[in-house]
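Commentary on secondary and tertiary structure
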Amino acid sequence: MDDAECPPFYARSTGIRGRITRWQDIEYHPPCLYLLHSRIAPRGVLPPAEGEDSGAFHAEIVYAITPSTEHTTYDVWAVARDFAVDDGSVSEYLHHSNHTVVMQDVAALDVLERVIAAEPDRYQELSVNIDAGGLAARRLLARMVGPGAAGAPR
């Protein structure tokens, strides 16, 4: 995003005011490791062709979502950054903000699971563009465990 409004989360943690240039790359490592690489910089500040990208702020977010039982899943996550590393208030803010987002997801997924359990025949999946990464991961997992996959039942 070359000219985006700076979300409050990044404005407060980086100190950037005004519009930003923001990049996000995602890596998925089956079966459960999801890495989010974020680059946040003032609008128009691009990384150099070589060398350090000192004009930007970088955050690495790791999720390891691991099913435990049919109805429980562990969502282990961690956030690393290359800015304000000695500022405990930024660490606390980032922890609180990420925890809030994760718990909103937990609440929504709990409701969804109850609705599906109550009316399993009426369940119809609906996905939107923002779900593209998760859907690609699910297709990859399906191919890995499907017929002909290494270790698949024959």
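What this report covers is the structure whose coordinates are included nearby.

Parameters at a glance
Residues numbered from 1 in each chain as written. Predicted model: local features only at pLDDT ≥ 70, side-chain atom pairs only at ≥ 80, totals over all residues. Heavy atoms only, no water. Phe/Tyr/Trp six-rings, centres within 6.5 Å; stacked < 30°, edge-to-face > 60°. Lys NZ or Arg CZ within 6 Å of the ring centre and 35° of its normal. Core = buried A, V, L, I, M, F, W, Y, C linked by side-chain atoms within 4.5 Å. Buried < 20%, exposed > 50% of the residue type's maximum accessible area, 1.4 Å probe, protein only. Contact = heavy atoms within 4.5 Å. Pairing = 2+ DSSP bridges. Helix = DSSP H or I, 4+ residues; strand = E, 2+ residues; numbered from the N terminus. Axes fitted to C-alpha atoms, helices over the stretch in contact; angles between N-to-C directions. Salt bridge = Lys/Arg side-chain N within 4 Å of Asp/Glu carboxyl O.

Summed over all chains, the structure comprises four aromatic pairs. Taken together, the aromatic side chains of Phe9, Tyr10 and Tyr93 make up a single cluster linked through ring pairs. Between the NZ or CZ atom of Arg39 and the centre of the ring of Trp23, over which it lies, the distance is 5.0 Å.

Residues Ala4, Cys6, Tyr10, Ala11, Ile16, Ile20 and Ile40 constitute the largest nonpolar core, which totals seven residues. Leave out the neighbours within four places in its chain, and Ala11 touches Cys6, Ile16 and Arg17.

Turning to the sheet that holds strand 1 (residues 4-5), a few remarks are in order. In sheet architecture, strand pairing relies on hydrogen bonds along the backbone and comes in two forms, parallel and antiparallel. Reading across the sheet, the five strands line up as 1-2-3-4-5 and stay open at both edges, with antiparallel pairing between neighbours. Two strands in the sheet have a free side with no partner beyond their single neighbour: strand 1 and strand 5 (72-81). As defined by bridge partners, strand 4 (residues 57-69) adjoins strand 5 across ten bridges and the pair is classed as antiparallel. The residue bridging Ile61 from the neighbouring strand is Val79, located in strand 5. Docked against the sheet, helix 2 (residues 88-118) engages strand 4 and strand 5, running at close to 150° with respect to strand 5.

On a regular strand, one side chain projects to one face of the sheet and the next to the other, so that they alternate. Taken together, the ten bridges between strand 2 (residues 19-29) and strand 3 (residues 33-42) define a ladder with antiparallel strand orientation. Across the sheet, the residue bridging to Asp25 is His37, located in strand 3. Pairing of strand 3 with strand 4, which is carried by eight bridges, proceeds in the antiparallel orientation. Directly across from His37, in strand 4, lies its bridge partner Glu60.

If charged atoms from side chains of opposite charge come close, those side chains can pair. Counting across every chain of the model gives four salt bridges. Put simply, Arg19 and Asp3 hold a salt bridge, and the shortest N to O gap is 2.6 Å. Of this pair, Arg19 sits in strand 2 while Asp3 sits in the segment before strand 1, placing them 16 residues apart in sequence. Taking the relative accessible area as the measure of exposure, Arg19 reaches 37% and is therefore partly exposed. The shortest N-O distance in the salt bridge between Asp3 and Arg43 comes to 3.6 Å. With Asp3 in the segment before strand 1 and Arg43 in the loop between strand 3 and strand 4, the pair connects residues that are 40 residues apart, well separated along the chain. By relative accessible area, Asp3 is classed as partly exposed at 39%. A relative accessible area of 51% means that Arg43 is categorised as exposed. Put simply, Asp3, Arg19 and Arg43 are held in one network by salt bridges that share partners.

With omega at 5°, the peptide bond leading from Pro30 into Pro31 counts as cis. Here Pro31 lies in the loop between strand 2 and strand 3. Phi at Ala84 is positive, roughly 50°, even though this residue is not glycine. The topology assignment puts Ala84 in the loop between strand 5 and helix 2. Owing to a relative accessible area of 31%, Ala84 belongs among the partly exposed residues under this scheme.

Geometric values such as these leave the question of function open.
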